[in-house]
Amino acid sequence: MRRVILSLALSLDGYIARPDGSVDFLDDPKGHSMAPFFKTIDTAIMGRKTYEVGLRLSGGKFNTYGLATYIMTSTLPAGERDGIIFTGESPKSLLASLRKRKGKHIWHMGGGELTRAFLQEDLIDEIHLGVFLKLLGEGIPVFPAGFPERHFRLLEHKAYGPGFLSLKFARSRAKSAPKLKSKH
């Protein structure tokens, strides 16, 4: 089955951007490459705010890197524009449709509000974090409050120089325990 992989970079204190959306604290860590990850995916999903940051950083032309790209939004009109699909579907509905199609894994690019929605519905199978060892003190959190507890197990960890860690986790989904009958 196609897995949904939340993969993004963040500060040590858990922020994906500064309060104004700036990501100027993200460096290019020596020796780290996203190329192996890109070989495993063919679809990207992100929220509207993440898309708008990408547009701003790229000078107005969003690069999809050849991926089927979905922008989840409740404020922009649905439809395809410039090779990007804008949708107001729920995460659960969109993923049900995408998982029926053959293909590689699905990259959940962020942001925080969309991550919360995916975690509320238990739709994230793996988390890949690039952690910059910097404390911002404030910003946009990768995991805003408002979802049930979820358990993950560490798959891989690697340090790149003195300032960057790569961490990979897989969702642990335990089978439901039988309900205990109460005795009165």
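All values derive from a computational prediction rather than experimental measurement.

A separate point is the overall build of the protein. Within the protein, the secondary structure is distributed over four helices and 11 strands. Taken over C-alpha atoms, the radius of gyration comes to 17 Å for the protein, in line with the 16 Å a tight globule of 184 residues would show. The principal-axis extent of the C-alpha atoms belonging to the protein is close to 65 × 45 × 30 Å. When each of the 184 residues of the protein is scored for burial, the buried share is 38%. Considering only contacts in the protein between residues 6 or more positions apart, those separated by 24 or more positions represent 74%.

Along helix α2 (residues 48-58), the positions that sit buried rather than exposed are Tyr-51, Val-53 and Gly-54. Looking straight down α2, one finds its buried side chains confined to an arc of 160°; they lie on one side. In this fold, the buried residues of α2 make contact with β3 (41-47), β4 (68-72) and β6 (84-87). Remark: Gly-59 follows α2 within two positions and exhibits a positive phi of approximately 80°.

For the rest of this paragraph, the subject is the sheet that holds strand β5 (residues 79-81). Think of a sheet as strands paired side by side through backbone hydrogen bonds, with each pair either parallel or antiparallel. Spatially, β5-β6-β4-β3-β7-β1-β8-β11-β10 is the arrangement adopted by the nine strands of the open sheet, whose pairing is mixed. Looking at strand neighbours, the two that pair on one side only are β5 and β10 (152-160), the edges of this open sheet. Each strand of the sheet is rotated relative to its neighbour by a mean of 20°, with strand direction disregarded. Strand contacts of α2: β3, β4, β6 and β7 (105-110), with the helix running at about 105° to β3, the strand carrying the most contacts. Of the strands in this sheet, β1 (4-11), β3, β4 and β7 touch helix α4 (residues 112-120), which is tilted by about 130° from β7.

This part is about the pattern of salt bridges. Applying the stated rule across the entire model yields 13 salt bridges. One salt bridge in this structure joins Glu-113 and Lys-49, with 2.8 Å as the shortest N-O distance. Of the two residues, Glu-113 sits in helix α4 while Lys-49 sits in helix α2, which places them 64 residues apart along the sequence. Each of Arg-99, Asp-122, Asp-125, Arg-150, Arg-171 and Arg-173 takes part in salt bridges that share partners, so that together they form one network.

Now for helix α3 (residues 91-100). When α3 is considered as a whole, its buried residues turn out to be Pro-91, Leu-94, Leu-95 and Leu-98. Along the axis of α3, the buried residues cluster in a sector spanning 95°; they form a single face.

Confidence along the protein averages 91 in pLDDT terms, with 95% of residues attaining 70 or more. With pLDDT under 50 throughout, residues 176-184 is counted as low confidence; its partners more than four residues away or in other chains account for zero contacts.

About the criteria used
Residues numbered from 1 in each chain as written. Predicted model: local features only at pLDDT ≥ 70, side-chain atom pairs only at ≥ 80, totals over all residues. Heavy atoms only, no water. Helix = DSSP H or I, 4+ residues; strand = E, 2+ residues; numbered from the N terminus. Rg over C-alpha atoms; globule rule 2.2 N^0.38 Å. Buried < 20%, exposed > 50% of the residue type's maximum accessible area, 1.4 Å probe, protein only. Contact = heavy atoms within 4.5 Å. Arc of directions from axis to C-beta. Pairing = 2+ DSSP bridges. Axes fitted to C-alpha atoms, helices over the stretch in contact; angles between N-to-C directions. Salt bridge = Lys/Arg side-chain N within 4 Å of Asp/Glu carboxyl O. pLDDT = per-residue confidence, 0-100.

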